[in-house]
Structure formats: C-alpha cells, structure tokens
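# Structural features, examined
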Amino acid sequence: MVNRDTFLPYGQQWLEEDDIQAVIDVLRSDYITTGPAVKQFEEDVASYVDAEYAVAFSNGTAALHAACFAADIYEGDEVITSPMTFVASSNCVLYQGGTPVFADINPQTYNIDPIEVRKKITKDTKAIIPVDFTGQPIDIETIRTIAEDYNLIIIEDAAHAIGATYKNEKVGSLSDMTMFSFHPVKHVTTGEGGVITTDNPTYYKKLLHFRSHGITRDKNDLENNSQGDWYYEMQELGYNYRMTDIQAALGSSQLKKLDAFIGRRREIVKQYKEAFEGVEGLQTPYQAENSHSSWHLYVLRFNQEIVSLSRKEIFEQLKKRNIGVNVHYIPVHLQPYYQQLGWEKGMFPVAEQLYEEIITLPLFPKMSDEDVKDVINAVFDVLGLEMRDGR
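Owing to the predicted nature of the structure, the values given are computational and were not obtained by experimental measurement.

## Things to note about the UniProt feature "active site" (unreviewed entry) in the protein chain
UniProt's entry tags Lys186 with the feature "active site" (unreviewed entry), counted in the numbering of this structure. Summarising the element assignment, Lys186 is placed in the loop between strand S8 (177–181) and strand S9 (194–198). When neighbours within four sequence positions are excluded, Lys186 is seen to be in contact with Ala159, His160, Ser181, Arg265 and His296.

Following this line, the structure appears as structure tokens:
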C-alpha cells in the first residue's frame, strides 16, 4: 500500500516572515482594530479586482449577510442560489428574512445553470446569488442578461474565485456585489475574513454602516450635523462585523503573493490533469474556454458504474494513506434544517448525483511536486490501477 509518513491536508495557508512581520507591525502600532490597515486592505483588494469599492468584514458569511442587507432583501423576497455550495450562500438570505430558492447546476461546470435560474424566477424574486464553485467563474454574461430582464441584483459568491477571470476581466468587477473569503484554506488568508467589492456607491455606504451596528459618523449623512466630532448616529440595525487591523495587515501582505499562489495552483492542476484525464472511471474538472479558474478546489469525480469501490471506501482508503481528501459540498437542500423548510431529496438531481461521486484532492501552493505525486500514486493505488507513462 502506498503511504505517506505525514498527513497532507486538502488545503493550507502559506505564511512567511513578511506576513508575520506585517502583523507584528500592527501589534506595535497605535491601532489593532478600526485603524488604517483595514482601509489599506480594502484599497488593495479593490485595486486588484478593478472594482471601485471594497468593504472588509469579519468573515465571508458576514460579508454575504451585509450584501443581502445592501440589496434590501427582506421578508417576502426570494433569492435564487445554487444547492452545490456551503450553507452560507443561502443562510445569508434567511438572516434577512428572505426566502432562498435553489436552482440546479450545470453538469459540466458544476455552477448554477442559467436555464434553471430562469425557471425559478417569480414576481417575488429580488436577487441571484450565483457561486463560483471551486474557483471557476459563473457564466456571468448569461446571468447578467437574466438579471437585466427581470431587474434582479447579482450578489456573486466568489469565496473560491479571487484571481479568476471571465473573458479577461477579473472576478470582483462583474457583478453588482461580489464576496471574497479569506479563510486559511482560501487563496490568501486573513485568518478569518471576507470582503464585498462593488462599483455602486449606494451599496458601498450601506455595507459600511451595516458592519458597524448601522452607525455612521459621516457628517454628510447625519440627521443632526450640528454636534461635535464625538457625535454619531445609529440609522439602521447593523451588526459588529468589523475586520481587525491585525487581519487586514496579514491580508495586504498575502495579497502581494496571490498571483504566484494561483500560478502554483495551476501547475498542480496540470499535473493532476495529466495523470487522471482519460483514465476510465475518472472525470477531471471541466474548464470553460472563456474563463480561467483560480483553482480553490480540485474535485475528482468517480463513475460509480465503472469504479468498483464506493465513494466512502475511496475516501477512507485515501485518508489511511495520509491523503487529506474532503467532499465539497453536501447539497444545501439536503441539510436537516433546509428539509424542515420544505426542500426534499430528488429536487436537484444534477447536484445530488455530483455530490455522490466527488472527492476533493489536496490543492494548495505550498505543496511540493513530491506531495502531488503522493496524491496521484495514492489514487491509482486505491483504485488498483497501473500508473501510466512511467509515473
């Protein structure tokens, strides 16, 4: 049995001395929160994705919640999203009292299917939250056409997709609002953190207020601006969703390495593709010609009619070989809470079948070529297949 001496996780941050020094510099400064590092990080993100504004939050879920607030999602409003995602993509609608509506995925890209989106639109539909699953950009052009036809707001869940491009334009500048996540397994990390990018000044102002209790100190917005500099007003019900300067400093340092990180991810993906493409029973991820994934995840699909082992057996056998595989994701509508809301198994067959057949392989820039070979060898070993071309 092929086996590693150490455990290889499916994802992991890569922090270097300059990242650590950036955090230390903030710890030694006058501000460790609500200071200049947050503003700098926001400017860095906005500049990178060619957006007018960026607003930082304590995590990606908080950022999505804020985007739903900025979009005026309330009770009676419906928002269409993908079932093949983490629960935050739809939970954020529930937080605002709205109703999430799922639309099945495209069998090639695994992203939400625009054809299915059209089928789900009603007079109560207010927005679409499409998800850039694994880092592959959504078909934004088609979704934007749908949104324009029905006057809908697009909140792009790009938690996986910072650095990805669609028709040579960067994700983050293509939708009404776009969310990025900076969890440690993402492309760059702030520990926990999220950002909304937008070109809309109204959304920008609402996002700023929402992350800080609904409070503003901007004299142009105050109802009573005759008070002193101490004066502030809570004008809406917001939350404490602020990012710290400690997180932001780490983010700005990490962001400088994003292109290099993505470049390494693509090198690893190329090795996986060369090893697995054309192997009977395996399906490698499809990539649309008009986009470039930033490759947050590498999802390998196993044809259960050809592969003799079950997905569970493959998963457990890879774990025994110290390969830290995972599964992304359990379709949201299959979660017990969502089943209580009326969703049932069988409603989204494409997403459900995908879930039954996929395993996420390790993919992060700190992986060595030897690590990649260990993953490839372990997959072939578990399946009882001979390596090709001397690999």
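## Quick notes on the sheet that holds strand S12 (residues 282–283)
The 3 strands are arranged S12-S14-S15 in an open sheet whose pairing can be described as antiparallel. Either end of the sheet is taken by a strand with one partner, and the two such strands are S12 and strand S15 (358–361). By the bridge criterion, 4 bridges tie strand S14 (residues 298–302) to S15 in an arrangement that is antiparallel. Following the sheet pairing, Tyr298 is matched in S15 by Leu361.

## A closer look at unusual backbone geometry
A cis amide bond links His328 to the next residue, Tyr329, at an omega of -5 degrees. On the secondary structure map, Tyr329 appears in the loop between helix H10 (311–320) and helix H11 (336–340). For Asp72, which is not glycine, the phi dihedral falls at a positive 60 degrees. The class for Asp72 is partly exposed, based on a relative accessible area of 32%.

Conventions and cut-offs
- Residues numbered from 1 in each chain as written.
- Predicted model: local features only at pLDDT ≥ 70, side-chain atom pairs only at ≥ 80, totals over all residues.
- Heavy atoms only, no water.
- UniProt positions renumbered as here; feature names shortened; annotations may be inferred.
- Helix = DSSP H or I, 4+ residues; strand = E, 2+ residues; numbered from the N terminus.
- Contact = heavy atoms within 4.5 Å.
- Pairing = 2+ DSSP bridges.
- Buried < 20%, exposed > 50% of the residue type's maximum accessible area, 1.4 Å probe, protein only.

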